[in-house]
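# Architecture at a glance
This is what each chain is made of:
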Amino acid sequence: NAGVTQTPKFQVLKTGQSMTLQCAQDMNHEYMSWYRQDPGMGLRLIHYSVGAGITDQGEVPNGYNVSRSTTEDFPLRLLSAAPSQTSVYFCASSGTGLSGYGYTFGSGTRLTVV
Amino acid sequence: AQKITQTQPGMFVQEKEAVTLDCTYDTSDPSYGLFWYKQPSSGEMIFLIYQGSYDQQNATEGRYSLNFQKARKSANLVISASQLGDSAMYFCAMGAGTASKLTFGTGTRLQVTL
């Protein structure tokens, strides 16, 4: 059982380039979300989805785009990368009810924008 | 809106001693859940323990227990018999209403010494 799979694990981009961070889950979870982690700031929510075709903005959505065409996949697109987007990105998925083990994180993507 | 506050940027504890990591929260939603995650230097988010707002008893998971004081809006993590492998960053988080998104604190870095 793979859980939540994020690719790539590491990426270096030049300012202005675009790219897509991939996230896939095999647990048939309805909810998926993207977070970024910066030093001293914990994890902050970028975008989230409560089901296929439904997405919404989180705390820090600017510069990012998402779509959810299937239950399994929730890609995060950087439209024009900026140095301020240098961060570690985590994808997560969960079932509809609040529970501890029901919330699963991917292993993260470390992105550097130069 | 939800808010999580972790006031201890760093903590030291001797091996085999117990340590308490503080977490206070704020929400107007009557249904919520509180999570603790461990993030070792390798970067992954490891789920430790969960407490639901309607749970009558404090949650326990092995050496981890959650001291839940609802009236004070606190959800402190207690680690008993600390081990060197407990050295890591610890995050408190909250989900309210649904599991679609979590709000994180800024974390506490725990260092276990001999």
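Just above, that's the structure.
Notes on the structure follow. (Residues numbered from 1 in each chain as written. Chains lettered and ligands numbered in written order. Predicted model: local features only at pLDDT ≥ 70, side-chain atom pairs only at ≥ 80, totals over all residues. Heavy atoms only, no water.)

Of the residues lining the interface, 21 residues belong to chain B; the matching set on chain A comes to 22 residues. Of the roughly 1,800 Å² buried where chain B meets chain A, counting both sides, 66% is carbon and sulfur surface. Of all residues in chain B, Ala 99, Ser 100 and Phe 104 of chain B give up the largest surface area on contact with chain A, accounting jointly for 29% of the area buried on that side. The tally of links between chain B and chain A comes to 3 residue pairs in polar contact (both at pLDDT 80 or more). Counting only elements with at least two residues in the side of chain B that touches chain A, the list comes to strand 5 (32-39), strand 6 (46-52) and strand 10 (88-96) of chain B. For the side of chain B that touches chain A, the element with the most residues is strand 5 of chain B, which contributes 5 residues. (Contact = heavy atoms within 4.5 Å. Buried area = accessible area lost by both parts, 1.4 Å probe. Polar contact = N/O pair within 3.5 Å; in protein donor to acceptor, adjacent residues only side chain to side chain. Helix = DSSP H or I, 4+ residues; strand = E, 2+ residues; numbered from the N terminus.)

So, about the state of the cysteines. Inspection of every chain in the model, using the stated rule, returns 2 disulfides over all chains. A sulfur-sulfur separation of 1.9 Å characterises the disulfide bridge that pairs Cys 23 of chain A with Cys 91 of chain A. A torsion of -70° about the S-S bond marks the disulfide between Cys 23 of chain A and Cys 91 of chain A as left-handed. Taken as a pair, Cys 23 of chain A in strand 3 (residues 19-25) and Cys 91 of chain A in strand 9 (residues 87-94) lie far apart in primary sequence, 68 residues in all. For Cys 23 of chain A, a relative accessible area of 2% translates into the label buried. According to the relative accessible area criterion, Cys 91 of chain A is buried, its value standing at 0%. Between the sulfur atoms of Cys 23 of chain B and its disulfide mate Cys 92 of chain B the distance is 2.0 Å. Between Cys 23 of chain B and Cys 92 of chain B the disulfide shows an S-S torsion of about -60°. By sign, it is left-handed. Placement of Cys 23 of chain B in the loop between strand 3 (19-21) and strand 4 (24-26) and of Cys 92 of chain B in strand 10 is noted, with a sequence separation of 69 residues between them. Accessibility classification places Cys 23 of chain B together with Cys 92 of chain B in one group, the buried group. (Disulfide = S-S within 2.5 Å. Buried < 20%, exposed > 50% of the residue type's maximum accessible area, 1.4 Å probe, protein only.)

All names here are of chain A. Counting buried positions along strand 9 gives 8 out of 8 residues, so the element sits mostly inside the fold. Burial along strand 9 is two-sided: Ser 87, Tyr 89, Cys 91 and Ser 93 facing one way and Val 88, Phe 90, Ala 92 and Ser 94 facing the other are all buried. Where strand 4 (residues 31-37) and strand 9 come together, 7 bridges link them in antiparallel fashion. Its bridge partner being in strand 9, Arg 36 is matched across the sheet by Tyr 89. Bridging between strand 9 and strand 11 (residues 109-113) involves 3 bridges; their strand directions are antiparallel. Of the residues in strand 11, the one forming a bridge with Ser 87 is Leu 111. Across 3 bridges, strand 9 lies against strand 10 (residues 103-105) in antiparallel orientation. Bridging from a neighbouring strand, Ala 92 pairs with Phe 105 of strand 10. (Pairing = 2+ DSSP bridges.)

Residues and elements named next belong to chain A. Read across the sheet, 4 strands follow the order 1-3-8-7 without closing on themselves; strand pairing throughout is antiparallel. A strand with exactly one partner marks an edge of an open sheet, and here the two such strands are strand 1 (4-7) and strand 7 (64-66). For this sheet the average axis-to-axis angle between neighbouring strands, irrespective of direction, equals 20°. Pairing of strand 1 with strand 3, which is carried by 4 bridges, proceeds in the antiparallel orientation. Residue pairing across strands places Gln 6 opposite Cys 23, the latter belonging to strand 3. (Axes fitted to C-alpha atoms, helices over the stretch in contact; angles between N-to-C directions.)

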